[in-house]
Amino acid sequence: MNPSAIDLLQSVFGYPSFRGQQQAVVEHLNDGGDALVLMPTGGGKSLCYQIPALLRQGTGIVVSPLIALMQDQVDALREAGVAAAYLNSSLGADEQREVERQLLAGELNLLYVAPERLLTGRFLGLLERTEVALFAIDEAHCVSQWGHDFRPEYRELAILHQRFPEVPRIALTATADPRTRDEIVERLSLHNARQFVASFDRPNIGYRVGLRHNAKRQLTEFLQGHEGESGIVYCLSRKKVDDTAEWLAELGVEALPYHAGLDAATRAKNQKRFLREDGVVMVATVAFGMGIDKPDVRFVAHLDLPRSIEGYYQETGRGGRDGLPAEAWMIYGLSDVVTMSQMIAQSESADERKRVERQKLESLLAYAEATDCRRQLLLGAFGETYPGPCGHCDNCIAPPKTWDATVPAQKALSAVYRSGQRFGSGHVIDILRGEETERVLSLHHHQLSTFGIGAEMDEKQWRSVFRQLLAAGLLEADAEGYGTLRLTAASRVVLSGGQLVKLREDARPERGSRRRRDSKIGASDKSSGGSLGIEAYEQSMWDELRALRTQLAKQQGVPPYVVFHDATLLAMLRALPANEDELATISGVGEAKLKRYGRDFLAVINAQE
Ligand code: ADP
Ligand code: ZN
């Protein structure tokens, strides 16, 4: 009798039960149906096609856009005793021939291929001579021109349906917006596919957003809560990446830079260290991350505003794939909005695209400035209603105070209007505060009725007001990206007294209280043992388990998490299995790994007792 899906889940992957919709997807595919799967990063998409590929006759063909990703998945599958291989440009001619031979001989359960390879006449010809269990199209949003990772070759993949109509297909993505989803269905001819849409909530990620006042000090304080942990620090520019990485390294943090300006060898080397060593912090532009499925990333920090909520969610989603606590932390300033607007304005995209990008930036700013539950807002952006508050974001933990700022808002809007809607916030603030700067004088703005009407607030407070007015859509920045401000339809209602404006009180920060508030949030308390909550008495065993894992991983040339995830080591630490039977019950310990590593781990665990 053939093994069932649950048998394979337990014996091969060592997991006790399916998550969310995994089982439904597996059964649907096993019965020969097509599927479109939308699950957040870390949701467990891989098993949705790996298990059906093992259940069905023939080889599962997985289309994947990134070489690094393929290699990782294949390593992990081989560790679990699955016959898996990949075909891409990193292999030599002999190795390629050997993989092709295995495919034709029916020796492979799973074969990962790059789309351009799959589409060659030669490869399609090979497939015609083999039995194909299923086609899995990973990162399916790459077919979408509106998505952020458009790959023209992905569009050709519809050919699979024409040439192999009987073979079930599964497309998977973590990009949730409805527009991208429709485009996937259209482009890949998945009209008859059943859609499996998971919740995009990532309950183990805590969200925190703050104003940037001293980036270095803020980042240092943040990292103190994550000592020895792996994480990613995102910056907007290459230069900032280099500076930040260098400065962190001086502080003794294992920090490495990653951006498109580094040569390929350095990038590959840094990425490899991030994957294979414990506790490396990658400082990167958004060039880094896609296809990195390191499960134990404990934090994702943004030192600048990302481009969109989708981008932010995907970047922060790289934290905590193993389900253990992770922190998404961001600091930003008004200058980011100006820089981003400029980047959009100066890009070579079509006008319609620029308009879309501006809207995306605006919703991100609204998220950053929000005073309500951040999770609710994020999921709302993906069309999901979250019955919050979540209790696990900064706004839930310490709800921000708001104040009635209708009068200052009216003053600000009026100053923008009177000066002709042609200036940025800096100059308008000078007018409000009655500063006789050269520019003010030469433009005769000291003669405006709004000159000096806002002297009761300092520059910083005014900046906060302008930022929040932008975020609330009561002001808009010009499309050309000069940072000049204009009124919107909504601002007129405020000016005429028809609407109250409530703004956050961060215009009046008090150092002491703010710091106390920060330390309540997230896992920044060192005595709690970092994100994973390792107690002092457990520390030495934890270190030994990790050291053993690193040593075994090195011997085999794979990243440590391919041997066991943090979640699995943590379960060992807590359960202290005394023998192989007990060890086998730990989530993540399958038969192959039990055989290969069981004795070594038991030796470490039992030696300490
Ligand atoms: P995705 O591709 O959706 O980002 P993965 O397939 O990489 O996610 O899975 C994320 C993590 O969750 C992996 O480390 C995987 O081993 C683990 N995982 C997946 N399914 C289960 C399950 N049913 N039980 C326990 N862990 C699981
Ligand atoms: Zn919340």
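Residues numbered from 1 in each chain as written. Chains lettered and ligands numbered in written order. Predicted model: local features only at pLDDT ≥ 70, side-chain atom pairs only at ≥ 80, totals over all residues. Heavy atoms only, no water.

## Describing the coordination of the zinc ion (ligand 2)
- At the metal site, the zinc ion (ligand 2) is ligated by Cys 373 (SG), Cys 390 (SG), Cys 393 (SG) and Cys 396 (SG), and these contacts range over 2.3 to 2.4 Å.
- Classification of the site at the zinc ion (ligand 2) as tetrahedral follows from its four donor atoms and the range of 102 to 120° in their angles at the metal.
- Positions of the donor residues of the zinc ion (ligand 2), expressed as sequence spacing, correspond to C-x16-C-x2-C-x2-C. Separated by 20 residues along the polypeptide, Cys 373 in the loop between helix 15 (351-368) and helix 16 (374-381) and Cys 393 in the loop between helix 16 and helix 17 (394-397) bring together distant segments of the chain. Like Cys 373, the residue Cys 393 is buried in the burial classification. (Donors = N, O, S within 2.8 Å, 3.2 Å for Na, K, Ca; no water. Tetrahedral: all angles 85-135°; square planar, octahedral: opposite > 155°, others 65-115°. Helix = DSSP H or I, 4+ residues; strand = E, 2+ residues; numbered from the N terminus. Buried < 20%, exposed > 50% of the residue type's maximum accessible area, 1.4 Å probe, protein only.)

## Some points on the sheet that holds strand 10 (residues 255-258)
- The six strands lie next to each other as 8-13-12-9-11-10, forming an open sheet whose pairing is parallel. On the outer flanks of this sheet lie strand 8 (205-211) and strand 10, each paired with one strand and no other. Averaged over all adjacent pairs, the angle separating strand axes in this sheet is 15°, with direction ignored.
- Sheet topology places strand 12 (residues 297-302) next to strand 13 (residues 326-332); four bridges connect them, and they run parallel. Across the sheet, Phe 299 pairs through a bridge with Glu 327, a residue of strand 13.
- Seen against the sheet, helix 12 (residues 264-276) touches strand 9 (230-234), strand 10, strand 11 (281-284) and strand 12 and runs at an angle of roughly 135° to strand 10. (Pairing = 2+ DSSP bridges. Axes fitted to C-alpha atoms, helices over the stretch in contact; angles between N-to-C directions. Contact = heavy atoms within 4.5 Å.)

## Examining the packing of aromatic side chains
- Counted according to the given criterion, the structure contains nine aromatic pairs.
- Judged by centre distance (5.5 Å) and plane angle (85°), the rings of Phe 222 and Phe 299 are edge-to-face. Of the two residues, Phe 222 is situated in helix 10 (residues 215-224) and Phe 299 in strand 12; the sequence distance between them amounts to 77 residues. Each member of the pair, Phe 222 together with Phe 299, is buried.
- For the pair Phe 564 and Phe 601, a centre-to-centre distance of 5.2 Å together with 75° between the ring planes defines the contact as edge-to-face. Taken together, the positions of Phe 564 in the loop between helix 25 (560-563) and helix 26 (566-575) and Phe 601 in helix 28 (residues 591-607) put the pair 37 residues apart, joining distant regions of the chain.
- Given a relative accessible area of 0%, Phe 601 falls into the buried group.
- Feature note: the residues Phe 222, Phe 299 and Trp 329 constitute an aromatic cluster, connected by ring pairs. (Phe/Tyr/Trp six-rings, centres within 6.5 Å; stacked < 30°, edge-to-face > 60°.)

## Brief notes about the site of ligand 1
- Around ligand 1 there are 15 residues in total, and Tyr 15, Gly 42, Lys 45, Ser 46 and His 565 lie nearest to it.
- Between ligand 1 and Lys 45, the relevant distance is 2.8 Å, taken from an oxygen atom to a side-chain nitrogen or oxygen of the residue.
- Here the shell around ligand 1 is composed, by residue class, of four nonpolar, eight polar and three charged. (Near = heavy atom within 4 Å. Polar contact = N/O pair within 3.5 Å; in protein donor to acceptor, adjacent residues only side chain to side chain. Nonpolar A, V, L, I, M, F, W, Y, C, P; charged D, E, K, R; others polar.)

## Considerations on the domain arrangement of the protein
- Per the domain assignment, the segments making up the protein are domain 1 (5-197), domain 2 (205-397), domain 3 (402-504) and domain 4 (534-608).
- Each of domain 2 and domain 4 was reduced to a C-alpha centroid, and the two centroids are 31 Å apart.
- Seen at the junction of domain 2 and domain 4, the total is two salt bridges.
- Remark: the boundary between domain 2 and domain 4 carries two residue pairs in polar contact (both at pLDDT 80 or more).
- Residue composition of the side of domain 2 that touches domain 4, grouped by class: three nonpolar, one polar and eight charged. (Domains from an automatic or database assignment. Salt bridge = Lys/Arg side-chain N within 4 Å of Asp/Glu carboxyl O.)

## Quick notes on the pattern of salt bridges
- For the coordinates displayed, the defined rule picks out 30 salt bridges.
- The partner of Glu 183 in a salt bridge is Arg 155, with the nearest N and O atoms 3.0 Å apart. Of this pair, Glu 183 sits in helix 9 (residues 178-187) while Arg 155 sits in the loop between strand 5 (132-137) and helix 8 (159-163), and the two are 28 residues apart along the sequence. Arg 155 matches Glu 183 in its accessibility class, with the two residues each being buried.
- Between Asp 394 and Arg 374 there is a salt bridge; the shortest N-O distance is 2.7 Å. Taken together, the residues Asp 394 in helix 17 and Arg 374 in helix 16 connect sequence positions 20 residues apart.
- By relative accessible area, which is 1% here, Arg 374 ends up buried.

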